[in-house]
Amino acid sequence: MHRFDVIHSISCPMHTRPTSVTLVAWYAILAAAFNLFWLHLARDAPMLDETLAHTRLPIAGQYLLHYIGAAVGMAAGWAMLHGVDPARLVFIGWQALAWLIALIAAPDAGPVLRDACMLGAMCYGLFAPPANAYFMRAEAVAGADL
C-alpha cells in the first residue's frame, strides 16, 4: 500500500461508512428532490389543494412544511454522507416533528402509522453501533485536521 493510500483512507471516513447510513442519507436526498419536483408540477393543480384542504392545517402551512422538509432532507443527507454527526439528529428530529404534525393534522391515521415504522427503521440505521462509530470517527478526523 502506498503512503498516500494510507493517508487517504484515514482522512476519508466515507470508505468505512455503514450501508445503513448511506441508505438513509440517500433516501433523505432523493425524497427531498422528488418532493420538490412534485410540488413544482402540482403547484397549480386544484386537486392537490382540494386534498390538502381536508387536513387541519392551512394549505400555505403545508406547502411551507414541505419546502422546509425538503431543505432539511437535502442538507442533512449530504452532511450524513460526509460524516457530520449533528446531521442525523437534525434529520431524525425533523422527521419526528413532521410525523407528529401529520398524526395530529391528518384525517386518516393509517399512512401516518406506516410512516412511524419507517421512522423507526431510519432511527435504527442512524444510531446502530456501526453508525455511531462512523460518526465518532468522522468527528475525530475532522478534529485532527484543525
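Residues numbered from 1 in each chain as written. Predicted model: local features only at pLDDT ≥ 70, side-chain atom pairs only at ≥ 80, totals over all residues. Heavy atoms only, no water.

Student: Any chance you could explain the overall build of the chain here in plain terms?
Tutor: In terms of regular secondary structure, the chain is built from seven helices and zero strands. When the elements of the chain are put in sequence order from the N terminus, they spell out α-α-α-α-α-α-α. Taking all contacts inside the chain whose residues are at least 6 apart in sequence as the whole, residues at least 24 apart take part in 72%. Of the roughly 9,100 Å² of accessible surface on the chain, 73% is carried by carbon and sulfur atoms. (Helix = DSSP H or I, 4+ residues; strand = E, 2+ residues; numbered from the N terminus. Contact = heavy atoms within 4.5 Å. Areas by Shrake-Rupley, 256 points an atom, 1.4 Å probe, with all protein chains shown as cover.)

Student: Which parts of the structure should I look at to understand the side chain of Q62?
Tutor: Residue position: Q62 is located in helix α4 (residues 59-81). For Q62, a relative accessible area of 9% puts it in the buried group. Those residues in contact with Q62 that sit more than four places away from it in its chain are L52, T55 and L57. (Buried < 20%, exposed > 50% of the residue type's maximum accessible area, 1.4 Å probe, protein only.)

Student: Even after reading the chapter, I still don't get the nonpolar core, so can you show me in this structure?
Tutor: Side chains that are nonpolar tend, in soluble globular proteins, to be buried together. Grouped together as the largest cluster of nonpolar side chains are 18 residues, with contacts concentrated most on V21, V24, M80, F91, I92, M122 and L126. Among the elements of the structure, α2 (19-41), α4, α5 (85-105), α6 (110-127) and α7 (129-145) are those that each provide at least two residues to this core. The element contributing the most residues to this core is α2, with five residues. In contact with F91, other than residues within four places in its own chain, are V24, A28, G73, A76, M80, M122 and L126. (Core = buried A, V, L, I, M, F, W, Y, C linked by side-chain atoms within 4.5 Å.)

Student: What's the story with α4 in this structure? I'm lost.
Tutor: Three- or four-residue spacings in an α-helix give side chains the same orientation, since the helix completes a turn every 3.6 residues. Over its 23 residues, α4 runs 33 Å from end to end, which matches the ideal 33 Å to within 8%, given 1.5 Å per residue. Burial in α4 covers these residues: Q62, Y63, G69, A70, V72, G73, A76, G77, A79, M80 and L81. Immediately downstream of α4, the backbone of G83 shows phi near 80°, a positive value. (Expected span 1.5 Å × (residues − 1).)

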